[in-house]
Amino acid sequence: MIIAIDGPAASGKGTLGKRLADHFGFAHLDTGLLYRAVARVLLDRDVALTDRDAAARVAQELDVTHLDDERLRGAQMGEAASVISAYQPVRDALLAFQRQFAGQPPGAVLDGRDIGTVVCPHADVKLFITASAEERARRRHRELLSRGETTDYEIILNDIRRRDERDMTRSNAPLKAADDALTLDTTHLDADQAFQAALELVTRKQT
Ligand code: CDP
Ligand code: CDP
């Protein structure tokens, strides 16, 4: 069984994905970490993010066993990931690993931008998680503060809007809901309520 979760930045995809995976005893992959990891290697090596060939090479050679590095979760890495994720050779290089991950028994939950549309078009359940940009900026603001990153709310809101725009308008695997995705707006839901609502959607779809 495959559960695909897509949505814009800080909509709660990762949190929900982990909870659904724990509930069903499935594996969980936050696919944004793959793009963040590619960006991190480039930044560490002082390679310009505009160097498409270098980005593709890094993606092809990426060590996917080191995705739990806390440094991947910072705001700068999200922005850099959004730049290099627009390159099709980078996306191609990361596809096989994601599909292999999705195929493991008894099931997997993957979250990202193109899971329901490109990575797992035959997923059993597709969820598209949204929330207003302001609410997402508040969530990211709280999250970054708790990690010791002090950034203004307004700056985060601008970053989120710019990143969403870039992710939605790119020609390669743009952020969008699959035709058969179930949309869940979590603007007024906390993480527990979002999980309950998602569980209901998954259960309804299963029966
Ligand atoms: O956690 P947040 O939603 O802020 O970002 P993320 O999921 O870690 O993704 C970082 C960036 O990677 C996104 O802005 C996308 O540009 C890119 N990404 C993608 O293109 N495709 C995916 N399946 C996942 C992430
Ligand atoms: O993966 P994505 O970037 O979509 O979001 P996340 O990292 O799962 O969630 C961003 C922050 O919002 C986390 O600190 C969550 O605890 C919080 N949050 C949530 O995930 N879901 C809600 N409905 C409300 C808040």
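In the nomenclature of an unreviewed UniProt entry, the protein is known as Cytidylate kinase of Microvirga subterranea. Reading the Subcellular location (unreviewed entry) entry of the UniProt record for the protein gives the comment "Cytoplasm". Per UniProt, the protein has the following entry under Sequence similarities (unreviewed entry): "Belongs to the cytidylate kinase family. Type 1 subfamily."

1. Here we look at the pattern of salt bridges
Opposite charge on two side chains permits pairing when their charged atoms draw close. Per the counting criterion, the structure on display carries 21 salt bridges. Note that R40 is salt-bridged to D69, the shortest N-O span being 3.2 Å. Of the two residues, R40 is situated in helix α2 (residues 32–44) and D69 in the loop between α3 (52–60) and α4 (75–84); the sequence distance between them amounts to 29 residues. Of the two residues, R40 and D69, neither departs from the other in class, the shared state being buried. Members of the salt-bridge network, linked through shared partners, are R40, D44, D69 and R71.

2. Here we look at the site of ligand 2
Taken together, the neighbourhood of ligand 2 is formed by 14 residues, with K13, G14, T15, R140 and L189 sitting nearest. Taking A10, its main chain carries an N or O atom lying 3.0 Å from an oxygen atom of ligand 2. Between ligand 2 and the protein, one listed contact pairs an oxygen atom with a backbone N or O atom of S11 at 3.1 Å. Contact with the protein chains hides 79% of the accessible area of ligand 2, taken as 530 Å² for the molecule alone. For the shell around ligand 2, the secondary-structure elements that each account for two or more residues are α1 (13–24), α7 (133–146) and α9 (191–206).

3. Brief notes about the packing of α7 against helix α8 (residues 153–169)
Where α7 contacts α8, the axes come no closer than 9 Å and their chain directions differ by 120°. Accordingly, the angle class assigned to the pair α7 and α8 is oblique. Seen along the crossing, α7 lies across α8 with a hand that is right-handed. Of α8, the residues touching α7 (which contributes A133, E134, R136, A137, R138, R140, H141 and L144) are Y153, I156, L157, I160, R161, R163 and D164. Split by residue class, the contact of α7 with α8 holds seven nonpolar, one polar and seven charged.

4. Notes on the UniProt feature "binding site: ATP" (unreviewed entry) in the protein
As annotated by UniProt and renumbered to match this structure, "binding site: ATP" (unreviewed entry) occupies G7, P8, A9, A10, S11, G12, K13, G14 and T15. As for its placement among the helices and strands, A9 is situated in the loop between β1 (2–6) and α1. A residue is classified by how much of its surface remains accessible, and A9, at 1% relative accessible area, is buried. Once you skip the residues sitting within four places of it in the chain, A9 turns out to touch R113, R136, I160, R163 and D164. Of note, G14 is situated in helix α1. Given the relative accessible area of 26%, G14 is considered partly exposed.

5. Some points on the nonpolar core
Grouped together as the largest cluster of nonpolar side chains are 35 residues, with contacts concentrated most on V38, L42, I84, V90, L94 and L110. Looking at this core, the elements with two or more residues in it are β1, β2 (27–30), α2, α3, α4, α5 (88–102), β3 (108–112) and α6 (115–119). Tallying contributions element by element places α2 first for this core, with seven residues. Not counting the four nearest positions on each side in its chain, L42 is found in contact with V47, L49, A54, A55, V58 and I84. Counting 16 residues, the second-largest nonpolar core is a separate cluster that includes A21, F26, A198 and V202.

6. Some details on unusual backbone geometry
A cis geometry characterises the amide bond from P105 onward to P106, with omega recorded as 0°. Here P106 shows up in the loop between α5 and β3. Phi at A10 takes a positive value of approximately 60°, unusual for a residue other than glycine. Mapped onto the secondary structure, A10 falls in the loop between β1 and α1. The phi dihedral of D46 falls on the positive side, at around 60°, and the residue is not glycine. Following the sequence through the fold, D46 ends up in the loop between α2 and α3.

Thresholds applied
Residues numbered from 1 in each chain as written. Chains lettered and ligands numbered in written order. Predicted model: local features only at pLDDT ≥ 70, side-chain atom pairs only at ≥ 80, totals over all residues. Heavy atoms only, no water. UniProt positions renumbered as here; feature names shortened; annotations may be inferred. Salt bridge = Lys/Arg side-chain N within 4 Å of Asp/Glu carboxyl O. Helix = DSSP H or I, 4+ residues; strand = E, 2+ residues; numbered from the N terminus. Buried < 20%, exposed > 50% of the residue type's maximum accessible area, 1.4 Å probe, protein only. Near = heavy atom within 4 Å. Polar contact = N/O pair within 3.5 Å; in protein donor to acceptor, adjacent residues only side chain to side chain. Areas by Shrake-Rupley, 256 points an atom, 1.4 Å probe, with all protein chains shown as cover. Axes fitted to C-alpha atoms, helices over the stretch in contact; angles between N-to-C directions. Parallel < 35°, antiparallel > 145°, perpendicular 65-115°, else oblique. Left-handed = near helix turned anticlockwise from the far one by under 90°. Contact = heavy atoms within 4.5 Å. Nonpolar A, V, L, I, M, F, W, Y, C, P; charged D, E, K, R; others polar. Core = buried A, V, L, I, M, F, W, Y, C linked by side-chain atoms within 4.5 Å.

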